[in-house]
Amino acid sequence: NERELVPDLIVSSPAERALSTAILLGEKIGYPAKNIHTDGRLYHATEDEILSIVRKFNDSNDEVMVLGHNPGLTDFVNSLSGDLVTDNLPTCGIVAISLDVGSWTEAGWGKGKVGFYDFPRNTSGR
């Protein structure tokens, strides 16, 4: 866990590959599989649908990890950060975005700041 990923909540699409990735990731960072929430709306979600899901997170969760699908997730990351982070978030790619908001309801386009972006075949180390 070199990036200090310790989410309060992991939310995943119920699709087999996304959920199995969430479970493996949870094992790696010490997050119990039984605590992973699935949300069927993440399957084939657009960026606006993902934002709608994020805005409904409980404010008791400061750090949330969302596992979903492209192209919606790539569009979401780019719109939330207000910058072109990637033209295609690769399988098992991860982007950490911080939001300077008091509530998840305030999440919106351009309000996020990218902390890091990484993926399995990354050789740049960014």
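Before reading on, note that the structure itself is shown above.
What you see is a predicted model, and the numbers here were worked out from it, not measured in a lab. (Residues numbered from 1 in each chain as written. Predicted model: local features only at pLDDT ≥ 70, side-chain atom pairs only at ≥ 80, totals over all residues. Heavy atoms only, no water.)

1. Focus: the overall build of the protein chain
So, point 1. When its secondary structure is counted, the protein chain shows three helices and five strands.
So, point 2. Listing the helices and strands of the protein chain from first to last along the sequence gives β-α-β-α-β-α-β-β.
So, point 3. Computed over the C-alpha atoms, the radius of gyration of the protein chain is 14 Å, within 12% of the 14 Å expected from 2.2 N^0.38 for a compact globule of 126 residues.
So, point 4. Among the 126 residues that make up the protein chain, the fraction classed as buried is 37%.
So, point 5. In the protein chain, which carries 11 positive and 18 negative side-chain charges, the distance between the mean positions of the two groups comes to 2 Å. (Helix = DSSP H or I, 4+ residues; strand = E, 2+ residues; numbered from the N terminus. Rg over C-alpha atoms; globule rule 2.2 N^0.38 Å. Buried < 20%, exposed > 50% of the residue type's maximum accessible area, 1.4 Å probe, protein only. Lys, Arg positive; Asp, Glu negative; His and termini not counted. Charge placed at Lys NZ, Arg CZ, Asp CG, Glu CD.)

2. Regarding the side chain of S13
So, point 1. Mapped onto the fold, S13 is located in the loop between β1 (9–12) and α1 (16–29).
So, point 2. One polar contact links the side chain of S13 to the main-chain amide nitrogen of A15, over a distance of 3.1 Å.
So, point 3. One polar contact links S13 to H69, side chain to side chain, over a distance of 2.7 Å. (Polar contact = N/O pair within 3.5 Å; in protein donor to acceptor, adjacent residues only side chain to side chain.)

3. A word on α1
So, point 1. An ideal rise of 1.5 Å per residue puts 20 Å on 14 residues; α1 measures up with 20 Å between its terminal C-alpha atoms.
So, point 2. Buried residues belonging to α1 abut β1 and β3 (64–67).
So, point 3. Two residues or fewer past α1, G30 is found with a positive phi of approximately 80°. (Expected span 1.5 Å × (residues − 1). Contact = heavy atoms within 4.5 Å.)

4. Digging into the sheet that holds strand β2 (residues 37–38)
So, point 1. Taking strand neighbours across the sheet as the criterion, the three strands line up as β2-β1-β3 in an open arrangement whose pairing is parallel. Both edges of this open sheet fall to β2 and β3, since each of them pairs with a single strand only.
So, point 2. In this structure, β1 lies alongside β2, joined through two bridges in parallel fashion. Along β2, the bridge assignment pairs S12 with T38.
So, point 3. On the sheet, α1 packs against β1, β2 and β3 and is oriented at approximately 160° with respect to β1. (Pairing = 2+ DSSP bridges. Axes fitted to C-alpha atoms, helices over the stretch in contact; angles between N-to-C directions.)

5. Regarding the packing of helix α2 (residues 47–54) against helix α3 (residues 72–81)
When two helices pack together, their arrangement is captured by the angle between the axes and the distance separating the axes.
So, point 1. Running from N to C, α2 and α3 point in directions that differ by 70°, and their axes come no closer than 8 Å. In terms of axis orientation, α2 runs roughly perpendicular to α3. Here α2 runs over α3; the crossing is right-handed. Together, E47, I50, L51 and V54 of α2 and G72, L73, D75, F76 and S79 of α3 make up the contact between the two elements. (Parallel < 35°, antiparallel > 145°, perpendicular 65-115°, else oblique. Left-handed = near helix turned anticlockwise from the far one by under 90°.)

6. What to know about the side chain of N61
So, point 1. Structurally, N61 is set in the loop between α2 and β3.
So, point 2. In this structure N61 comes out as buried when scored by relative accessible area, which is 14%.
So, point 3. Residues within four places of N61 in sequence aside, it is in contact with D8, L9 and W104.

7. Considerations on the pairing of β3
So, point 1. The side-chain alternation of β3 yields one buried face, formed by M65 and L67, and one unburied face, formed by V64 and V66.
So, point 2. Taken together, the four bridges between β1 and β3 define a ladder with parallel strand orientation. Paired with L9 across the strands is V64, a residue of β3.

Don't take any of this as a statement about function, it's just geometry.
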